[in-house]
Amino acid sequence: MWALLSDRTPARVTELAEWGVRLVIPLEARLSVAQTTSFELHDRRRTLASCAARVVGLVRYELSQDLLLWVLDDAVRWRELVSRLGPLTFPSAPYLGAPDVRLPKDRIDRRLRSLVADRSRVQVRSRASEGSGLSIPGRLDPERGVLLEWDPQWSELQPPYEIMVEGPFSTLEFEEQSLRWTRPQPEKVTLTRRRETRRVSAPSGARVLLHGVAEQPLELAMIDVSFGGIGARVSKDDELLAPGMSIQDVIVTWRGGPQLRFVGEIRHRSPSRDRSSDMIGLRLTPSSEALRERWAREVESMLYPTTRSYGHNYQSIWDLFEASGYFDLSGNRREALDFLLLRDAFEASYRKLAAAPELGCLVSCESPTRVEAALAAVRAWSRSWFGFHMARNANRPHLVNSDSSPLKDIHLHAYERAGGNPDIDWLVGYVRNDAGFSGALRDFMLTIPNGCGVPFEVWKLSVYVRDDVHAPGVSEATPEQVDDVLRRLEGKRPWQYLEAHDLVPATYDQRHLREEWAFYGLMKERTMLVAVEDGQVVAAAVLDAVDDGLHLYGLLDTIRLYGLDPRGREHYASLLLAAHEWFFSMGKSSFVCFEEEDLPEIMHSVGAVSLGAGMVALLPRTAIPEMLERISELAAPK
């Protein structure tokens with residue numbers, strides 16, 4: 001089976017599902033994320049389908065590109081075709097090759113500007129004397145280019161030069177013929193990921209004691225720290241410490257306060273700039289939840305000196321939402337009564353969340369006179385971190401004209417903890433089609449392996465309950481019906497979407513998540529409604545609700561509709577009407593529907609009002625470092 005794109009580019013089919021198709025296309029094919037295109041599906045004898053589609057994933061590999069297309073038009077006919085052929089999956093790895101480690105040319109300048117602004121560390125080697133092992137450290141400088149440390153072998157450096165720049169998560173390697181530049185402008189840059197969490201220099205005098213390694217405790221100087229652990233200096237003559245070694249008793253002497261006790265694992269050992277010593281990376285596992293939180297707060301204060309996640313002036317953040325135009329989205333007006341009624345609930349919810357950083361945070365970047373930027377994030381699903389409420393002071397220069405350090409800083413703060421949390425698998429973002437900065441970020445997320453998008457339109461419904469409204473054939477799902485729905489949802493949405501939204505058996509009931517929310521006084525509720533015809537579930541709706549004020553547009557008080565049978569769409573209106581009673585019981589005055597099948601006529605029939613169209617962007621947690629480096633590029637000095 002094969003396909004032809006709209007420009008007649010041939011493509012190999014590697015997955016066929018009710019939501020769309022996955023194709024392998026040539027490297028030279030010109031497509032971009034989120035664009036609308038079309039394709040024809042063929043077998044050896046005939047054309048099977050011709051569909052409009054939206055690009056919801058486009059990953060570049062060494063040999064070809066991996067393309068995800070979400071089918072837009074005539075979805076019923078497409079689903080009938082897939083049902084007839086059966087969901088198909090073919091191996092794609094032989095046609096893709098290894099991931100492309102080269103930094104795209106259109107991003108080289110921005111990435112280097114970001115690294116220069118951060119005064120990143122560099123290592124300079126001479127290709128002419130590769131066998132000598134000569135490597136001179138230095139730093140990038142915004143005014144003077146590269147500043148090298150003095151070395152008696154300095155004169156031995158001859159062009160061409162191999163330059164390695166150490167970024168917060170990755171290193172960049174490129175070649176230059178000269179070192180006399182303000183900012184390098186290489187043609188080719190190779191990118192290598194080095195770490196998952198960013199580090200910051202350890203406080204002066206910080207030490208670490210390792211018990212059980214030798215007869216006497218081994219005391220080491222601490223070099224840097226991160227949420228996941230520390231870096232420490234060890235003598236080259238000390239051969240006891242090797243990668244993979246587990247240490248059951250690690251004591252950190254921290255900022256002159258009481259000692260903190262962990263279990264440790266040596267993750268790596270590598271040469272340091274001091275040639276008489278090595279550096280080890282030590283992963284730390286706290287002995288209690290209280291210690292985990294204390295360590296996180298300590299590291300947070302050093303990693304994010306310009307932002308905060310607790311102790312907010314909530315009125316200042318509310319003023320930022322008003323001044324930035326955040327309340328003007330989706331045709332709303334900032335003085336609308338809906339928002340004014342949420343002011344107290346907003347503060348109450350985020351005061352509770354400030355005590356539960358594992359569940360979420362509200363991050364703000366403040367100047368002496370105002371809040372410059374803000375961003376919220378919550379664990380809205382069992383293994384997913386959801387970012388929203390991004391606002392930036394409207395009086396700052398536009399991103400295309402100036403750097404935006406506050407924007408970068410709030411994203412680092414909100415997402416780095418998720419990146420280092422093994423309980424999180426997915427990053428979820430709802431991005432409007434007309435978004436600027438968020439749109440650029442969405443486009444990047446969908447170029448990452450296993451990243452994925454799902455188009456939607458959000459519709460708002462005001463809650464009402466009337467005795468004369470009846471939804472025939474609709475009821476709350478039994479446990480057996482829930483299991484049946486979850487099984488039948490496979491293939492109707494991408495697997496990334498199902499996992500991220502707890503639409504799989506292992507996490508659907510969100511029991512552990514709801515218990516965590518309840519512990520901090522926060523509400524998290526979920527139910528499923530089903531429409532039954534002739535004894536069979538033909539459509540289902542998943543309903544979620546949280547505290548008022550947590551999302552000011554109500555995008556966490558949701559209903560999602562899923563047709564499980566060709567007759568399912570006929571019951572969507574009944575499911576929507578039945579949802580009113582449940583949301584009323586949750587104390588809600590409104591809720592929203594994420595409509596993913598382009599059915600505006602049904603939404604209008606139940607009195608829904610559109611808040612706009614967009615896309616759910618899904619990114620694996622392991623790719624958060626790449627996303628944060630991309631944010632640094634977008635916010636780099638111009």
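All of the points below concern the structure found in this document. (Residues numbered from 1 in each chain as written. Predicted model: local features only at pLDDT ≥ 70, side-chain atom pairs only at ≥ 80, totals over all residues. Heavy atoms only, no water.)

1. Considerations on the environment of Arg267
Heads up, the condition is: The secondary structure listing takes helices from DSSP runs of H or I that are at least 4 residues long and strands from runs of E that are at least 2 residues long, numbered from the N terminus. Residues are treated as being in contact if the distance between any of their heavy atoms lies within 4.5 Å.
Residue placement: Arg267 occurs in strand 19 (residues 260–271). Not counting residues up to four positions away in its chain, the partners in contact with Arg267 are Pro243, Gly281 and Arg283.

2. What about helix 4 (residues 289–303)?
Note the cut-off: What a helix is expected to span follows from its residue count: subtract one and scale by 1.5 Å. Classification of residues uses two cut-offs on accessible area relative to the type maximum, computed with a 1.4 Å probe and protein chains only: under 20% is buried, over 50% is exposed, and between them is partly exposed.
The end-to-end C-alpha distance of helix 4, which contains 15 residues, comes to 21 Å, matching closely the 21 Å that a straight helix rising 1.5 Å per residue would cover. Listed in full, the buried residues belonging to helix 4 are Leu291, Glu293, Trp295, Ala296, Glu298, Val299, Glu300, Met302 and Leu303.

3. Notes on the sheet that holds strand 13 (residues 190–193)
Note the cut-off: A pair of strands is labelled paired if DSSP reports no fewer than 2 bridges between them. Angles here are taken between N-to-C directions and fall from 0 to 180 degrees, while the axes themselves are lines fitted to C-alpha atoms, restricted in helices to the stretch in contact.
Spatially, 10-9-8-11-12-13 is the arrangement adopted by the six strands of the open sheet, whose pairing is antiparallel. Either end of the sheet is taken by a strand with one partner, and the two such strands are strand 10 (145–148) and strand 13. For this sheet, the mean inter-axis angle between neighbouring strands, taken without regard to orientation, is 30 degrees. The sheet contact formed by strand 9 (residues 135–141) and strand 10 spans four bridges and is antiparallel. Paired with Asp141 across the two strands is Gly145, which belongs to strand 10. Taken strand by strand, helix 3 (residues 105–117) contacts strand 9, strand 11 (161–166), strand 12 (170–176) and strand 13, and its axis lies near 110 degrees from that of strand 12.

4. Considering the nonpolar core
One broad trend across soluble globular proteins is that nonpolar side chains are buried collectively. Threshold: Here, nonpolar core means buried Ala, Val, Leu, Ile, Met, Phe, Trp, Tyr and Cys residues that are tied together by side-chain atoms lying within 4.5 Å of each other.
One finds Leu23, Phe39, Trp78, Leu210, Trp295, Met528 and Met627 to be the most contacted residues of the largest nonpolar core, which totals 155 residues. Here this core takes nine residues from strand 23 (residues 371–381), the largest share from any one element. Those residues in contact with Phe39 that lie beyond four places of it in its chain are Leu4, Leu5, Val21, Ala49, Ser50, Cys51, Ala53, Leu69, Val71 and Trp78. Within the second largest apolar cluster, 28 residues are counted, among which are Ala531, Ile559, Phe583 and Val606.

5. Observations regarding unusual backbone geometry
Residue Pro160 follows Pro159 across a cis peptide bond; omega there is 0 degrees. Tracing the backbone through its elements, the reader meets Pro160 in the loop between strand 10 and strand 11. One non-glycine residue with positive phi stands out, namely Arg8, at about 70 degrees. With phi around 55 degrees, Asp534 is a residue other than glycine that occupies positive phi space. Of note, Asp534 is situated in the loop between strand 28 (524–533) and strand 29 (536–546).

6. A word on the state of the cysteines
Definition in use: When the sulfur atoms of two cysteines come within 2.5 Å, that pair is taken as a disulfide.
Scanning the entire structure with this criterion turns up zero disulfides. Looking at Cys452, it has no disulfide partner, and the nearest cysteine sulfur is the one in Cys51, 17 Å off. There is no disulfide at Cys593, and the cysteine sulfur nearest it, in Cys452, is 19 Å away. Take Cys593: its relative accessible area is 0%, and that puts it in the buried class.

7. Observations regarding the packing of helix 8 (residues 437–445) against helix 14 (residues 624–634)
Here is the rule we go by: For classification purposes, an angle smaller than 35 degrees is called roughly parallel, one larger than 145 roughly antiparallel, one from 65 to 115 roughly perpendicular, and anything else oblique. Each crossing gets its handedness from the near helix: less than a right angle anticlockwise from the far helix is left-handed, clockwise is right-handed. Polar here means any residue outside two lists: the nonpolar Ala, Val, Leu, Ile, Met, Phe, Trp, Tyr, Cys and Pro, and the charged Asp, Glu, Lys and Arg; Gly therefore counts as polar.
In contact at an axis separation of 10 Å, helix 8 and helix 14 are set at 140 degrees when each is read in the N-to-C sense. It follows that helix 8 is oblique to helix 14 by the angle criterion. Two packed elements cross with a definite hand, and for helix 8 against helix 14 that hand is right-handed. Facing helix 8, whose interface residues are Phe437, Ala440, Leu441, Phe444 and Met445, helix 14 presents Glu626, Met627, Arg630, Ile631 and Leu634. Considering only residue class, the contact of helix 8 with helix 14 consists of eight nonpolar, no polar and two charged.

8. Topic: the pairing of strand 5 (residues 47–60)
Where burial is concerned, most of strand 5 is hidden: ten out of the 14 residues are buried. For strand 4 (residues 36–42) and strand 5, the ladder comprises seven bridges, and the chain directions are antiparallel. Note on strand 5: the bridge partner recorded for Ser38 is Ala52. Pairing of strand 5 with strand 6 (residues 64–71) involves seven bridges; the strand directions are antiparallel. Paired with Ala53 across the two strands is Val71, which belongs to strand 6.

9. Description of the side chain of Arg630
Heads up, the condition is: Distance and chemistry together define a polar contact, namely a pair of N or O atoms within 3.5 Å, with one atom able to donate a hydrogen and the other to accept it when in protein, and with adjacent residues in sequence counting only for side-chain atoms on both sides.
On the secondary structure map, Arg630 appears in helix 14. Under the relative-accessibility criterion, Arg630 is labelled buried at 14%. Within the structure, Arg630 has its side chain in polar contact with the side chain of Glu633 (distance 2.7 Å). In contact with Arg630, other than residues within four places in its own chain, are Arg107 and Phe444.

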